[in-house]
Amino acid sequence: MLKNYSVVTLGEDKDTDPIAAIITVKSSMNSITNIICKTEPTFDDQEPLSEEQLKKAGITDADTKLYPFSKLSTKRQLSTAHSTYYLITGKEEEKELYVGDKLSALGYMAIFKDAKGTVVAKAATHGVQFSPTLEAAIGVDLLAIVCMGLSMASNDSAGALAGAGVI
């Protein structure tokens, strides 16, 4: 069975309680949609992911209860990409929180804005190495920005997080 998720923990101890699970819902050569789930509901009467949804993601533990917290939708082109991060606020409700654009450049360059259009973070590599430098404003959700940036850079954001040592 394919594993279409990554678990996010704090620190390097893999036995600590997870703070989130990133599940790939849809993936193609030009786009990817991920949901970031938590172990507690985000709003009243929120239903956890169904057993079928968990199984599709590769999660086989029947006792697992994950609640969608946010959604990340990314579309890539040859040298650019656009990503949108939404908070899930109700059963069929989403609120746009961040928008990111990967710029056409030899290395990696991206700008991240909040819903009002204010720049809240930027990322860039120096030369052609993929060791980006991220600068972010105070109060910005760094996990959201890192997930957006990695999804614009590759086709496997969950795997990229693991490779980058984030999870």
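Residues numbered from 1 in each chain as written. Predicted model: local features only at pLDDT ≥ 70, side-chain atom pairs only at ≥ 80, totals over all residues. Heavy atoms only, no water.

1. What about the overall build of the chain?
Thought 1: In terms of regular secondary structure, the chain is built from three helices and nine strands.
Thought 2: Each helix and strand of the chain, placed in order from N terminus to C terminus, yields the pattern β-β-β-α-β-β-β-β-β-β-α-α.
Thought 3: The burial tally for the chain puts 35% of its 167 residues in the buried class.
Thought 4: For the chain, restricting intrachain contacts to residue pairs at least 6 apart in sequence, the fraction spanning at least 24 positions comes to 40%. (Helix = DSSP H or I, 4+ residues; strand = E, 2+ residues; numbered from the N terminus. Buried < 20%, exposed > 50% of the residue type's maximum accessible area, 1.4 Å probe, protein only. Contact = heavy atoms within 4.5 Å.)

2. Some points on unusual backbone geometry
The phi angle of most residues is negative, glycine excepted, and most peptide bonds adopt the trans form.
Thought 1: Even without being a glycine, Asp-45 presents a positive backbone phi close to 65°.
Thought 2: Relative to the helices and strands, Asp-45 is located in the loop between β3 (31–38) and α1 (51–57).

3. Examining the packing of aromatic side chains
Thought 1: All chains considered together, the criterion is met by one aromatic pair.
Thought 2: Aromatic pair Tyr-85 and Tyr-98: ring centres 6.1 Å apart, planes at 40°, arrangement tilted. One end of the pair, Tyr-85, is in strand β5 (residues 81–90); the other, Tyr-98, is in strand β6 (residues 93–102), with 13 residues separating them in the sequence.
Thought 3: For Tyr-85, a relative accessible area of 1% gives the class buried. (Phe/Tyr/Trp six-rings, centres within 6.5 Å; stacked < 30°, edge-to-face > 60°.)

4. Describing the environment of Leu-134
Thought 1: Inspection of the secondary structure assignment puts Leu-134 in strand β9 (residues 133–136).
Thought 2: You can call Leu-134 partly exposed: its relative accessible area is 35%.
Thought 3: Sequence separation between Leu-134 and Lys-122 is twelve residues; the distance between their C-alpha atoms is 5.9 Å.
Thought 4: The residues contacting Leu-134, other than those within four sequence positions of it, are Ala-121, Lys-122, Ala-123, Leu-142, Ile-145 and Val-146.

5. Description of the confidence of the model for the chain
Thought 1: Counting all residues, the mean pLDDT for the chain is 84, and 83% of those residues have values of 70 or more.
Thought 2: In the model, residues 157–167 has pLDDT below 50 throughout and makes 24 contacts with residues more than four positions away in sequence or in other chains. (pLDDT = per-residue confidence, 0-100.)

6. A word on helix α2 (residues 142–153)
Thought 1: Taking 1.5 Å as the rise per residue, α2 with twelve residues should run 16 Å; its terminal C-alpha atoms sit 16 Å apart, in good agreement.
Thought 2: Within α2, burial applies to Ala-144, Ile-145, Cys-147, Met-148, Gly-149, Leu-150, Ser-151 and Met-152.
Thought 3: The backbone nitrogen of Leu-143 lies 3.1 Å from a side-chain oxygen of the residue at the head of α2, namely Asp-141. (Expected span 1.5 Å × (residues − 1). Polar contact = N/O pair within 3.5 Å; in protein donor to acceptor, adjacent residues only side chain to side chain.)

7. Topic: the pattern of salt bridges
Thought 1: For the coordinates displayed, the defined rule picks out two salt bridges.
Thought 2: Between Lys-71 and Glu-94 there is a salt bridge, with the nearest N and O atoms lying 3.2 Å from each other. You can see Lys-71 sitting in strand β4 (residues 67–76) and its partner Glu-94 sitting in strand β6, a full 23 residues away along the chain.
Thought 3: Accessibility expressed as a relative area gives 23% for Lys-71, which makes it partly exposed.
Thought 4: One salt bridge connects Lys-122 with Glu-135, and the closest N-O pair in it is separated by 3.9 Å. Of this pair, Lys-122 sits in strand β8 (residues 119–124) while Glu-135 sits in strand β9, placing them 13 residues apart in sequence. (Salt bridge = Lys/Arg side-chain N within 4 Å of Asp/Glu carboxyl O.)

8. Considering the environment of Ile-145
Thought 1: For Ile-145, the position within the fold is in helix α2.
Thought 2: Along the chain, Ile-145 and Tyr-98 lie 47 residues apart, while their C-alpha atoms are 8.1 Å from each other.
Thought 3: Apart from residues no more than four positions distant in its own chain, Ile-145 is found in contact with Tyr-98, Phe-112, Ala-121, Leu-134 and Val-140.

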